[in-house]
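Each chain is listed here by its residues.
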Amino acid sequence: MAEKYFNSLNYTISNEDTSLELAALPENAQHVFAIAGSGSRIIPLLSKNPSRLTCVDYSFEQLALAELRIASLKTLGYEDFLSFWGYPPHQLPPDERQRIFKNLEISSQAKKFLETMFNKHDWQPILYSGKWEQTFKKLSKINRWIVGKRGLEIFSCQTKKEQENYLKTVFPHRTWSLSIFILGNAAVFNALLYKGNFPQRNIKKSLHSFYMERFGRLFVQDVARKNYFLQLLFFGSLQYPDGLPVECDPNVFLKAKEGLQKAKVTYIRGDILKEAKNASSPIDFLSLSDVPSYLKPPREQAFLQEIKNVLSPGGIVVNRYYLRTPEDIDANGYRDVTDNFGEAIAREKTQMYSFGIYQKI
């Protein structure tokens, strides 16, 4: 795997819409095992009331951030949570953010790192501090310059019908295609983010065609202002409260807060497949993010077998694939249930992934 890429603070929001995992996770699972990321991808899982949640990541920094998110979920009400993290339209004075932080229950090592990070930002929000978010801040400036005002006006559309008409009559499709051609290539992503660890893609189309198709899906899925991923691409930050990540959904937040009262949450630094294989109790739900896209043969083919024995009967594994779908996966002992979640996949807010969802027989 690309340990050098993953072993740092890459994400402070989320490059995934966990609504898909939320749809696949059964209620009241005994043990959920998941990539931690920024913590934004695991908070929604708590809304399904698992008894145990194990968060794994290569990066100590990501685990510390996940701890902070879980601690803020536990302590803060909905409005204060949004304000603490800096989600629009909420604002919080830096001294109040510092006061809240000091009262959160976080491990001493994580707290030391996070306090240094907050001090570096003068106790302003750290929502856009990850490498991924910083990359999109740079890309968004170029994108805005290329597509201009006519491109940005898509965020003024209030209904799907209005946006459909706008796309037909106003949106600058040629300059948008140029923007994707310039920004959506391996050289740019390697230079700004992946540092040579860009996935070894095996999709059968060019990157330009891939991104044009996937963004085309987002433009018809719903109005652009309701999509946090599109907001980041065009503005480098979140501008519209009606398009925030799923952790900010008030119902998901409140259910996650309730679920946290029951769940035992643990944090492990390491390789999620190795840690899952050695889990102390059977796993009912395993969320691998896009880890499989970075595996090399023979592990690329055998990863499902690597963790099969620790899965509960009927246990579910959710794989995201970015630009590379593992080839010749050995799925013996599993059934592919991906098609059962077609509607949830179509609603996913990034559309940059394909999915493989497997259930142990």
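Residues numbered from 1 in each chain as written. Predicted model: local features only at pLDDT ≥ 70, side-chain atom pairs only at ≥ 80, totals over all residues. Heavy atoms only, no water.

*Asks:* Explanation requested: the overall build of the protein chain in the structure shown.
*Replies:* In terms of regular secondary structure, the protein chain is built from 17 helices and seven strands. Over its C-alpha atoms the protein chain spans a radius of gyration of 20 Å, differing by no more than 12% from the 21 Å that the globule rule assigns to 361 residues. The principal-axis extents of the C-alpha atoms in the protein chain amount to approximately 55 × 55 × 35 Å. In the protein chain, which comprises 361 residues, the share counted as buried stands at 56%. In the protein chain, 73% of the contacts between residues at least 6 apart in sequence involve partners at least 24 apart. Only carbon and sulfur atoms are counted for the fraction: they give 51% of the accessible area of the protein chain, which is about 15,400 Å². Charged side chains in the protein chain number 47 positive and 38 negative. The centres of these two groups are separated by 4 Å. (Helix = DSSP H or I, 4+ residues; strand = E, 2+ residues; numbered from the N terminus. Rg over C-alpha atoms; globule rule 2.2 N^0.38 Å. Buried < 20%, exposed > 50% of the residue type's maximum accessible area, 1.4 Å probe, protein only. Contact = heavy atoms within 4.5 Å. Areas by Shrake-Rupley, 256 points an atom, 1.4 Å probe, with all protein chains shown as cover. Lys, Arg positive; Asp, Glu negative; His and termini not counted. Charge placed at Lys NZ, Arg CZ, Asp CG, Glu CD.)

*Asks:* What is the right way to look at helix H9 (residues 160–169) in this model?
*Replies:* Along H9, the positions that sit buried rather than exposed are Gln163, Tyr166 and Leu167. The arc that holds the buried residues of H9, viewed along the axis, is 95°, so those residues lie on one side. In H9, the exposed positions angled more than 90 degrees off the buried face are occupied by Lys161, Lys168 and Thr169. Contact partners of the buried residues in H9: helix H8 (131–152), helix H10 (173–183) and helix H12 (207–221). (Arc of directions from axis to C-beta.)

*Asks:* Sorry, what's going on with the side chain of Lys111 here?
*Replies:* Relative to the elements of secondary structure, Lys111 occurs in helix H7 (residues 108–120). In this structure Lys111 is buried but unpaired, with Glu115 as the nearest side chain of opposite charge at 7.4 Å. (Salt bridge = Lys/Arg side-chain N within 4 Å of Asp/Glu carboxyl O.)

*Asks:* How should I be thinking about the nonpolar core in this particular structure?
*Replies:* Counting 88 residues, the largest nonpolar core has Leu68, Phe84, Trp85, Tyr87, Trp176, Tyr211 and Phe215 as its most contacted members. If you tally residues by element for this core, the top one is helix H4 (residues 60–75), at eight residues. Once you skip the residues sitting within four places of it in the chain, Phe84 turns out to touch Leu68, Ser72, Leu76, Leu92, Arg97, Ile100, Phe101, Leu104 and Phe118. Of all hydrophobic cores here, the second largest spans 21 residues; its members include Leu273, Ile283, Tyr321 and Tyr334. (Core = buried A, V, L, I, M, F, W, Y, C linked by side-chain atoms within 4.5 Å.)

*Asks:* Sorry if this is basic, but what is going on with the confidence of the model for the protein chain here?
*Replies:* Residue-level pLDDT values for the protein chain average 94, and 94% of them are 70 or greater. Taken as a whole, residues 1–7 scores under 50 in pLDDT and shows 23 contacts with residues more than four places along the chain or in a different chain. (pLDDT = per-residue confidence, 0-100.)

*Asks:* Hey, could you run me through the environment of Leu286 in this one?
*Replies:* Among the secondary structure elements, Leu286 is positioned in strand E4 (residues 283–287). Taking the relative accessible area as the measure of exposure, Leu286 reaches 0% and is therefore buried. In this structure, the C-alpha to C-alpha distance between Leu286 and Lys264, residues 22 residues apart in sequence, is 16 Å. Contact partners of Leu286, with chain neighbours within four places excluded, come to Phe33, Ile272, Ala276, Ile307, Ile316, Val317 and Val318.

*Asks:* Sorry if this is basic, but what is going on with the layout of surface pockets here?
*Replies:* One water molecule sets the probe size; rolling that probe over the atoms shows where empty space is left. Considering only enclosed or pocket space, the largest pocket measures out at about 340 Å³ in volume. If you list the elements that add at least two residues to the lining of the largest pocket, you get helix H14 (250–262) and helix H17 (342–347). For the lining of the largest pocket, the per-class residue count stands at 10 nonpolar, two polar and seven charged. Forming the boundary of the second largest pocket are Glu67, Ile70, Ala71, Lys74, Thr75, Glu105, Lys257, Leu260, Gln261, Ala263, Val265 and Tyr267. Of all the secondary-structure elements, those providing two or more residues to the lining of the second largest pocket are H4, H14 and strand E3 (264–269). Top element by residues in the lining of the second largest pocket is H4. It accounts for five residues. In the lining of the second largest pocket, the residues fall into six nonpolar, two polar and four charged. (1 Å grid on protein atoms, 1.4 Å probe; cavity = no way out; pocket = protein on both sides within 12 Å on 5 of 7 lines; lining within 4 Å. Points joined across faces, edges and corners; volume = space filled by probe spheres on them. Nonpolar A, V, L, I, M, F, W, Y, C, P; charged D, E, K, R; others polar.)

*Asks:* Sorry if this is basic, but what is going on with a nonpolar patch on the surface here?
*Replies:* A contiguous nonpolar patch, built from Ile142, Leu178, Phe181 and Ile182 and spanning about 360 Å² of accessible area, is present on the exposed surface. Looking at the nonpolar patch, the element that brings in the most residues is H10, giving three residues. (Patch = residues over 30% accessible without salt bridge, like charges linked within 9 Å, V, L, I, M, F, W, Y side chains within 5 Å.)

*Asks:* How should helix H5 (residues 78–85) be read in this particular structure?
*Replies:* In an α-helix there are 3.6 residues to a turn, and that puts residues three or four apart on one side. When we look at burial in H5, the residues that qualify are Phe81, Leu82, Ser83, Phe84 and Trp85. Next to the buried residues of H5 lie helix H3 (43–46), H4, helix H6 (94–102), H7 and H14. Immediately beyond the C-terminal end of H5, within one or two residues, lies Gly86, with a positive phi of roughly 95°.

*Asks:* Any chance you could explain the sheet that holds strand E1 (residues 31–35) here in plain terms?
*Replies:* Each strand in a sheet pairs with its neighbour through backbone hydrogen bonds, running either in the same direction (parallel) or in the opposite one (antiparallel). With respect to topology, seven strands assemble into an open sheet ordered E3-E2-E1-E4-E5-E7-E6, the strand pairing being mixed. Both outer strands of the open sheet, E3 and strand E6 (334–336), are each paired with one neighbouring strand and no more. The mean angle between the axes of side-by-side strands here comes to 15°, regardless of whether they run parallel or antiparallel. Inspection of the sheet shows E4 paired to strand E5 (residues 311–321) by four bridges, in the parallel sense. Among the inter-strand pairings, Phe285 is bridged to a residue of E5, identified as Ile316. Taken strand by strand, H4 contacts strand E2 (52–57) and E3, and its axis lies near 165° from that of E3. (Pairing = 2+ DSSP bridges. Axes fitted to C-alpha atoms, helices over the stretch in contact; angles between N-to-C directions.)

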